[in-house]
Amino acid sequence: MTEGRPPAAGSAPLWERDAEIAAVLQALDGLCADRSSAGGLLVFRGEAGLGKTALLAETRRMAERRGCAVWSARGAETLRSVPFHVLRQLLRPVLLSLPPEEAREYLGDWYDIAGPALGITDPRGDNADPQYVRDGLVAVVRRLARREWPLVLLLDDAHWADQETLRWLAAFAERLDEVSVLVVVTSRPGDTGGDGARPLDAVAAAGHGIGNLSALTPDATAGLTRATLGRHADDAFCREVWAVTAGNPYDTVELLAKVRDREIQPVEARAGELRALNRTARGGGLVDRLQDLGLEATRFAWAAAILGTGITAGMVARLAAMEEGLARNCAELLCSARILTRPGPGTGAERDGDELEFVHPLIATAVYDSIPPGVCTAMHGVAAQIITGLGRGAAEAARHLLKVHPDDDEELVGQLREAAREHLAVGAPDAARRCLERALEEPPRPEVYAHVLYELGCATLLTHPAGTIDQLRSALGMPGLDGDDRVDAVVRLSQALLHNDQLEEAVRTVEAEAARHEAGPVRLRLQAFQFMWEGIHGETVAPARSRRLAELASTCTGRDNAERALLILRGFDAMTHGESADAVLELCDRALVNGRLAPGLGWTDTEWGMELLLMLGSAYACTDRLDRAESLFAEARRVYTSAGWRGVHLSLANAFLGLAYRRQGRLRDAESTLREGLALAERVGRRLPLYWSSVCGLVDTLLARGRVGEAWSVAERYGFAPPYPSTIVLPDIRSVRGRLLLAAGRTGEGIGELEAAEKTAVSRGGHNPVLAPWSVDLAKALAGPDPARAAQVAADARRQAERFGTDTAMGEALRCAAALETGERAVRLAARAVAHLEASPCQYEHAAARVEYGIAARSVTELTRGLDLARACGADGLADRAAEALEAVRGPR
């Protein structure tokens, strides 16, 4: 037998658990073998009463015998609405045992990010990005695991854990290969609903071992019966114990304890009494047994079930309006009746020496469900008052406030709104949403109702743009939201529509609101957003719109942020249509103050949003001012990282910084940055515009590196194919898709994609040959099947490049022209391309031009320089091509 064979009835739930015990032993051996060993995750699932908690207790015993630190926590059905509740049980004791200065020094930058979620420090701002908080909590546990090795984390009843803990657990499970810690999780199958099911499924999928616990066999039940009651228990009695309990270990232990307490002889003649006796273990039988203990004990148990956690005689006495001495007597009575118990040492939760808990979650649920509805609601209300009176804050009282019946209570609405703000400050938008939805049920006063709807709509704006749209629309359709709040709600709604790929609705939303206002700063702001959303439309932009924007921007001097916004929008519009790059730069520079972003136009300022600054940086990137573009996008990443915004904002910052690196020819940096942006985008949701930016940039960068197979794999994995989003994607999505198809040998499809890009450019009234370089690739692809058409496309590309006027545009157009020629003319055009691209900041294009010139001129010098440049850029495919050409020019040695 293994170490897991129970020696006595006290370990009854471990009967027939040899396989599970062996899995734990193996995982502990691996954990303790070496500090560098990978972590482990075991998941044990089973119905209520099958011994999951006992298995964790045995795991603790075995781990502590090996010198492991063991921290544990347990979910609770009545506490699922409390954000980070289970995680706080797990981590707070060890963090609070450290002096504050040591904890802050040890956790570093993560202290201010994860600390508020764990309740060890106050929030530092209004809203915290839940993804960043989750990352911070993962980092905290990783650091603590290194400090406390070997460390074992036990999570019981994970099906009842709060959503925030489950999402942390799923994220942590993905990183277990990097940290030496053993995590053991128990849950019931099918008991997790809603948003909690997905992360728990992810945890199960990441588990190194999953055990589905089964009921005891008749033989095991007989062995347990005889171990408890004596070897003289006869076969018929033992069989009836199994039949009555269906082999459920919890029910079996409870039944045998009652048999022993009542001194029932374990013989066939008394077996008929077992069924009635078993009914008292749970459900209605348990309630009857509780009522038999008296009214005071019942009230005490009800109050304990309402509290759910932090159960002490003192707290129960206050909630049940009971004298404290009587409360202590009730506690002892309930402990004797095996309804309550005192927690054992080292359970991982904070204890004050007087704390109680229910013997089993089944008992807690049965007691809570037995409370008359009116009494239950009233007791939750009293509990909320007690917690608020103790100064613990609205967030802690919120789980009780959520249970109070709606009653037109103005104070309750205020408390729930405050709780929502507190939840948002620690990175728990789902908890905030629940509070605000409950506040609407009260309901709020008419003049407050729209404001609550507005707050509800904004609760998940950072991570779930689609979730804000209905609430904000409803808020705007009601009286009460006026002035700056209304305008801000309109802007936020339009941003949510944009990021949900509903661009036309975003335009109509701000256009309609602008029409409601007289000329002035408010109307100008709304007009700026209308122009902004129209300007990033990926298909058509009416020429009249560009004329109106040009006329409006011509009156702007940059004296305030509304005028600066219009200058940026006009500069971006001119850039996308391929107007003079010098004019674009002049407009963008006028929008700055001493070369820097104006106050109120920063990356985290909410009045204007990040989209405007992304347009500014893009205009610089496509006019050969990559130094300014990189500076802007790097600042965005730094600011968002520091502020803890790890959703839409940081994803786009990485995508656009990757674009700047790609344009510079820093292909390795571009790839790593774009992959980071893509990982963040996946957390927000696929098929959104921000997702396309990262995927498109990564495919483009991989093609530049010569890794066609990997680029195709990325495209297939992430759905890089039609239908495309309605917004402009940088780099141009059809140009990149067409180039990918050509590189993969699917020439006809590639030409079709590039011709579709051409049609889009025509519908927009012109294009920037750097922003949308379809013409260069299209001309080269048509050179064989349709040389006349290829020549026409190349000639148009040169005219467009001359109009735009940057060295990059001219160099790329000349490279295209050279590719269509032969002999000396090809050499001359290639030399002119090199001259332009050498003066541009785009080193990959410069390297490609050098290699092409070297091939045309059969120049060892040019090929060598091109090879060196390609290697410096990380363009492996281009470097291979240069090396082969160099070998061919040099000839046999």
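Definitions and limits used
Residues numbered from 1 in each chain as written. Predicted model: local features only at pLDDT ≥ 70, side-chain atom pairs only at ≥ 80, totals over all residues. Heavy atoms only, no water. Helix = DSSP H or I, 4+ residues; strand = E, 2+ residues; numbered from the N terminus. Buried < 20%, exposed > 50% of the residue type's maximum accessible area, 1.4 Å probe, protein only. Contact = heavy atoms within 4.5 Å. Lys, Arg positive; Asp, Glu negative; His and termini not counted. Charge placed at Lys NZ, Arg CZ, Asp CG, Glu CD. Core = buried A, V, L, I, M, F, W, Y, C linked by side-chain atoms within 4.5 Å. Pairing = 2+ DSSP bridges. Right-handed = clockwise from strand over helix to strand, strands pointing away. pLDDT = per-residue confidence, 0-100. Patch = residues over 30% accessible without salt bridge, like charges linked within 9 Å, V, L, I, M, F, W, Y side chains within 5 Å. Areas by Shrake-Rupley, 256 points an atom, 1.4 Å probe, with all protein chains shown as cover. Salt bridge = Lys/Arg side-chain N within 4 Å of Asp/Glu carboxyl O. Expected span 1.5 Å × (residues − 1). Phe/Tyr/Trp six-rings, centres within 6.5 Å; stacked < 30°, edge-to-face > 60°. Axes fitted to C-alpha atoms, helices over the stretch in contact; angles between N-to-C directions. Left-handed = near helix turned anticlockwise from the far one by under 90°. Nonpolar A, V, L, I, M, F, W, Y, C, P; charged D, E, K, R; others polar. Parallel < 35°, antiparallel > 145°, perpendicular 65-115°, else oblique.

Each helix and strand in the chain was counted, giving 44 helices and 8 strands. For the chain, the spread of C-alpha atoms along the three principal axes comes to 110 × 75 × 50 Å. Here the chain holds 893 residues, and 58% of them are scored as buried. If you take every contact in the chain between residues at least 6 apart in sequence, the share linking residues at least 24 apart comes to 68%. Separation between the mean location of the 103 positive side-chain charges and that of the 123 negative ones in the chain comes to 4 Å.

Turning to the nonpolar core, a few remarks are in order. Looking at soluble globular proteins, one finds that nonpolar side chains tend to be buried together. Formed by 137 residues in total, the largest nonpolar core has its most connected members in Trp-533, Leu-569, Trp-603, Val-699 and Phe-720. If you tally residues by element for this core, the top one is helix α32 (residues 648–664), at 10 residues. Every residue in contact with Phe-720, bar those within four places of it in the chain, is listed here: Trp-692, Val-695, Cys-696, Val-699, Ala-715, Ile-733, Val-736, Arg-737 and Leu-740. By size, the runner-up hydrophobic cluster in this structure holds 54 residues, among which are Ala-69, Leu-144, Leu-153 and Phe-172.

Here we come to the sheet that holds strand β8 (residues 355–358). Pairing in this open sheet of 3 strands is antiparallel, and the strands run β6-β8-β7 from one edge to the other. Taken across any chain shown, the strands that pair with only one partner, and hence form the sheet edges, are β6 (311–312) and β7 (340–341). Summarising the sheet, β7 and β8 pair through 2 bridges and their orientation is antiparallel. In the sheet register, Thr-341 faces β8, and the bridge partner there is Glu-357.

Counting buried residues in strand β4 (residues 181–187) gives 7 out of 7 residues, a clear majority hidden from the surface. Across 6 bridges, strand β1 (residues 40–45) lies against β4 in parallel orientation. Paired with Leu-42 across the strands is Val-184, a residue of β4. Sheet topology note: the strand β3 (residues 151–156)/β4 ladder contains 5 bridges and is parallel. Residue pairing for β4: Leu-151 is matched across the bridge by Val-181. As a crossover connection, the stretch from β3 through helix α7 (residues 163–173) into β4 is right-handed.

The next subject is the confidence of the model for the chain. Predicted coordinates in regions of low pLDDT should not be interpreted in detail. With 93% of its residues at a pLDDT of at least 70, the chain reaches an overall mean of 86. Long-range and interchain partners of residues 1–10, a stretch whose pLDDT sits below 50, account for 22 contacts in this model, where long-range means more than four residues apart. With pLDDT under 50 throughout, residues 346–351 is counted as low confidence; its partners more than four residues away or in other chains account for 19 contacts.

A word on a negative patch on the surface. Taken together, the side chains of Asp-482, Asp-484, Asp-485, Asp-605 and Glu-607 define an acidic patch exposed on the protein surface. Assignment of secondary structure puts Asp-484 in helix α24 (residues 483–499). Among the residues examined, Asp-484 registers a relative accessible area of 62% and is labelled exposed.

As a further point, take helix α21 (residues 429–441). With 13 residues, α21 should cover 18 Å at 1.5 Å per step; its first-to-last C-alpha distance of 19 Å lies within 8% of that length. Most of α21 is tucked away, with 10 of its 13 residues classed as buried. Here α21 has its buried residues at Pro-429, Asp-430, Ala-431, Ala-432, Arg-434, Cys-435, Leu-436, Arg-438, Ala-439 and Leu-440. Buried residues along α21 sit against α6 (130–148), α7, α19 (394–401), α20 (410–425) and α22 (446–458).

A few words now on the pairing of β3. Remark: a regular strand shows side chains that alternate across the two faces of the sheet. Burial runs high along β3: 6 of the 6 residues are buried. In this structure, strand β2 (residues 69–74) lies alongside β3, joined through 6 bridges in parallel fashion. For Ser-72, the partnering residue across the bridge sits in β3 and is Leu-154.

A few words now on the side chain of Arg-417. Of note, Arg-417 is situated in helix α20. When residues no more than four places from it in sequence are discounted, the contact partners of Arg-417 are Leu-436, Val-448, His-451, Val-452 and Glu-455.

This part covers helix α37 (residues 747–763). Residues lying three or four places apart along an α-helix face the same way, a consequence of the helix completing one turn every 3.6 residues. For α37, built from 17 residues, the straight-helix expectation of 24 Å at 1.5 Å per residue is met to within 8% by its first-to-last C-alpha distance of 24 Å. Buried residues of α37: Gly-750, Ile-751, Glu-753, Leu-754, Ala-757, Glu-758, Thr-760 and Ala-761, and no others. For α37, the elements touching its buried residues are α36 (733–743), α38 (774–782) and α39 (787–804).

Applying the stated criterion across every chain yields a total of 8 aromatic pairs. Ring centres of Trp-168 and Phe-172 lie 5.3 Å apart, and the angle between their planes is 15°; on these two criteria the pair is classed as stacked. Of this pair, Trp-168 and Phe-172 both sit in helix α7, 4 residues apart, which is roughly one turn of the helix. Accessibility classification places Trp-168 together with Phe-172 in one group, the buried group. Between Trp-603 and Tyr-640, the ring centres sit 6.1 Å apart and the planes meet at 75°, which makes this aromatic pair edge-to-face. Of this pair, Trp-603 sits in the loop between α29 (581–590) and α30 (610–621) while Tyr-640 sits in helix α31 (residues 626–643), and the two are 37 residues apart along the sequence. Trp-603 sits in the buried class, given a relative accessible area of 4%. Look at Tyr-640 and you get buried, because its relative accessible area is 0%. Following the ring pairs from residue to residue traces out a cluster consisting of Phe-529, Trp-533 and Trp-608.

Another point: the pattern of salt bridges. Inspection of the entire model under this criterion finds 61 salt bridges. Across the salt bridge formed by Glu-240 and Arg-275, the nearest N and O atoms sit 3.5 Å from each other. Of the two residues, Glu-240 is situated in helix α10 (residues 235–245) and Arg-275 in helix α12 (residues 274–278); the sequence distance between them amounts to 35 residues. For Glu-240, a relative accessible area of 24% corresponds to the partly exposed category. Across the pair Glu-254 and Arg-338 runs a salt bridge, and its minimum N-O distance is 2.3 Å. Taken as a pair, Glu-254 in helix α11 (residues 249–261) and Arg-338 in the loop between α16 (324–336) and β7 lie far apart in primary sequence, 84 residues in all. In the salt-bridge network here, residues are joined through shared partners; they are Glu-671, Arg-675, Arg-705, Arg-707, Glu-710 and Asp-876.

Turning to unusual backbone geometry, a few remarks are in order. For residues other than glycine, phi is negative in most cases, and the peptide bonds are mostly trans. Cis peptide bonds are those with omega within 30 degrees of zero, and the linkage from Glu-442 to Pro-443 qualifies with -5°. In this fold, Pro-443 is placed in the loop between α21 and α22. Residue Pro-723 follows Pro-722 across a cis peptide bond; omega there is 0°. Inspection of the secondary structure assignment puts Pro-723 in the loop between α35 (708–717) and α36. Despite not being glycine, Phe-84 shows a phi value in the positive range, around 65°. Relative to the helices and strands, Phe-84 resides in the loop between β2 and α3 (85–96).

Okay, the packing of helix α9 (residues 218–229) against α11 next. Between α9 and α11, the least distance of the axes is 10 Å, while the angle of their chain directions is 35°. Crossing of α9 over α11 shows right-handed handedness. Across the interface between the two elements, Thr-221, Leu-224, Thr-225, Thr-228 and Leu-229 from α9 touch Thr-252, Val-253, Leu-256, Val-259 and Arg-260 from α11. A per-class count over the contact of α9 with α11 returns 5 nonpolar, 4 polar and 1 charged.

Let us look at the packing of α3 against α6. It is the contact of α3 with α6, at a shortest axis distance of 12 Å, that shows an interaxial angle of 50°. Relative to α6, the element α3 is oriented oblique. Note on packing geometry: the crossing formed by α3 with α6 is left-handed. Of the residues in α6, those touching α3 at Leu-87, Leu-91, Val-94 and Leu-95 are Leu-137, Val-141, Leu-144, Arg-147 and Glu-148. In terms of residue class, the contact of α3 with α6 is made up of 7 nonpolar, no polar and 2 charged.

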